[in-house]
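Residue strings, one per chain:
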Amino acid sequence: MSQNYPQKNDLSYILKQAFHYWSKTLVYQLMFSLIYLSVLITVWFLFAEHYGILNDYMRTVEMVNTGATYADAQKLLIANPNYITFSWIIIGTFIFLYPLNLGLLKMYRKLDLGEKLTVHDLFAGYLGVNFFIYISYYVFWFMIFLYMAPTVILAGVWIALTIFTAPLMFFMNKKIFETFRYNIRVWRNFFPAMLVGLALAAVFKYVGMLTIIGLPFTMAFPTAMIYALYTSLFKEHTEI
């Protein structure tokens, strides 16, 4: 693999491509968001009620509204003996849903190839050995992220170090640790384009979140941006 130099690494081209992938798959991205959110919300409410977390959560809202600090309210939730179990169930749900992102990557590639998109493509990450590969990867990724999250800076470094790991694994069959050097190299060579592109993707996503109704349409946009950056900054070829 080598970096793909001039023209395609231009920021305006990358942004144009990201919006192209997003707009051309908008119906499927809406399906992605609705599946993701419906599963996550269903699991959250089902187990929150089962373990008594929902009642505790409502009490914490009342506490904050009456002047209690967020830290004091959080202590109430943590005091529930089932809180840890509930947290792991939610984490497990995030992990289970991760392969949906691979379906979007497959759709973007099919757009490049001029092939017809199908609903079946959205579940490419769950087919055959892919399910075990990407579930295992995300378990590994999420555990390290949880460990680094309190430091904030290290969590950001971990995200940066693995930003292209999924497409490198999916399209180039790279190993997890093998992808790190490619991620480092692309950050070193194209830092401005990477930073601006990913920042705009995050803003676009969270603007949708703030409007609530727009979230299903913007939720998967960062995946389109990552693919646009990947195809613009890297050139795939057979390595010997």
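Before reading on, note that the structure itself is shown above.
Residues numbered from 1 in each chain as written. Predicted model: local features only at pLDDT ≥ 70, side-chain atom pairs only at ≥ 80, totals over all residues. Heavy atoms only, no water.

1. Regarding the overall build of the protein chain
Here comes step 1: In terms of regular secondary structure, the protein chain is built from 13 helices and 2 strands.
Here comes step 2: Relative to the globule expectation of 18 Å for 240 residues, the C-alpha radius of gyration of the protein chain, 20 Å, shows essentially globular dimensions.
Here comes step 3: Oriented by its inertia axes, the alpha-carbon framework of the protein chain measures out at about 60 × 35 × 35 Å.
Here comes step 4: Within the protein chain, the fraction of its 240 residues that count as buried is 43%.
Here comes step 5: Once local pairs closer than 6 in sequence are excluded, the contacts in the protein chain between residues at least 24 apart make up 70%.
Here comes step 6: Summed over all atoms, the accessible surface of the protein chain reaches about 13,100 Å², with 70% contributed by carbon and sulfur. (Helix = DSSP H or I, 4+ residues; strand = E, 2+ residues; numbered from the N terminus. Rg over C-alpha atoms; globule rule 2.2 N^0.38 Å. Buried < 20%, exposed > 50% of the residue type's maximum accessible area, 1.4 Å probe, protein only. Contact = heavy atoms within 4.5 Å. Areas by Shrake-Rupley, 256 points an atom, 1.4 Å probe, with all protein chains shown as cover.)

2. Digging into helix H1 (residues 11-24)
Here comes step 1: Taking 1.5 Å per residue as the helical rise, H1 with its 14 residues ought to reach 20 Å, and the 20 Å between its terminal C-alpha atoms agrees with that figure.
Here comes step 2: Within the sequence span of H1, burial applies to Ile14, Leu15, Gln17, Ala18, Tyr21 and Trp22. Buried residues of H1, viewed axially, fall in a sector of 160°; they line one side. More than 90 degrees from the buried face of H1, the exposed residues found are Ser12, Lys16 and Lys24.
Here comes step 3: Tucked into the core, H1 has its buried residues touching helix H2 (26-50), helix H6 (100-113), helix H11 (191-211), helix H12 (215-218) and helix H13 (221-233). (Expected span 1.5 Å × (residues − 1). Arc of directions from axis to C-beta.)

3. A few points about the nonpolar core
Most often, soluble globular proteins keep nonpolar side chains buried together rather than apart.
Here comes step 1: Phe164, Met194 and Met225 are the most contacted members of the largest nonpolar core, which totals 67 residues.
Here comes step 2: Ranked by residue count, the leading element in this core is H13, at 9 residues.
Here comes step 3: When residues no more than four places from it in sequence are discounted, the contact partners of Met225 are Ile14, Leu15, Ala18, Gly197, Leu198 and Ala201. (Core = buried A, V, L, I, M, F, W, Y, C linked by side-chain atoms within 4.5 Å.)

4. Regarding a nonpolar patch on the surface
Here comes step 1: A grouping of Ile84, Trp88, Val139, Met143 and Leu146 is seen on the molecular surface, where their side chains present a nonpolar patch of about 430 Å² in accessible area.
Here comes step 2: Elements with a contribution of two residues or more to the nonpolar patch: helix H5 (83-97) and helix H7 (129-148).
Here comes step 3: At 3 residues, H7 tops the list of elements feeding residues into the nonpolar patch.
Here comes step 4: Within the secondary structure layout, Met143 lies in helix H7.
Here comes step 5: Given a relative accessible area of 30%, Met143 falls into the partly exposed group. (Patch = residues over 30% accessible without salt bridge, like charges linked within 9 Å, V, L, I, M, F, W, Y side chains within 5 Å. Salt bridge = Lys/Arg side-chain N within 4 Å of Asp/Glu carboxyl O.)

5. Quick word on the packing of aromatic side chains
Here comes step 1: Overall, the coordinates contain 40 aromatic pairs when judged by the stated rule.
Here comes step 2: For the ring pair Trp44 and Tyr57, a centre distance of 6.0 Å and an interplane angle of 85° mean the geometry is edge-to-face. A residue pair is termed long-range when its members are at least 10 positions apart, and Trp44 in helix H2 and Tyr57 in helix H3 (residues 53-65) qualify at 13 residues.
Here comes step 3: In this structure Trp44 comes out as partly exposed when scored by relative accessible area, which is 25%.
Here comes step 4: Every member of this aromatic cluster is reached through a ring pair, and the members are Tyr21, Tyr108, Tyr134, Phe164, Phe170, Phe171, Tyr182, Tyr227, Tyr230 and Phe234.
Here comes step 5: The ring centre of Phe171 lies 4.1 Å from the NZ or CZ of Arg109, which sits over that ring.
Here comes step 6: Sitting above the plane of the Tyr182 ring, Arg181 keeps its charged end 4.5 Å from the centroid. (Phe/Tyr/Trp six-rings, centres within 6.5 Å; stacked < 30°, edge-to-face > 60°. Lys NZ or Arg CZ within 6 Å of the ring centre and 35° of its normal.)

6. Let's talk about unusual backbone geometry
Here comes step 1: The backbone of Val152 sits at a positive phi, close to 65°, despite the residue not being glycine.
Here comes step 2: For Val152, the position within the fold is in the loop between H7 and helix H8 (153-161).
Here comes step 3: Of note in the backbone geometry, Asn173 takes a positive phi value of approximately 60° without being a glycine.
Here comes step 4: One can find Asn173 in the loop between helix H9 (165-172) and helix H10 (176-189).
Here comes step 5: Note on Asn173: relative accessible area 62%, which makes it exposed.

7. Some points on the pattern of salt bridges
Here comes step 1: Tallied over the full model, the rule gives 4 salt bridges.
Here comes step 2: For the salt bridge of Lys174 with Glu178, the shortest nitrogen-to-oxygen distance reads 3.6 Å.
Here comes step 3: Look at the salt bridges and you will find they share partners, linking Lys106, Lys110 and Asp121 into a network.

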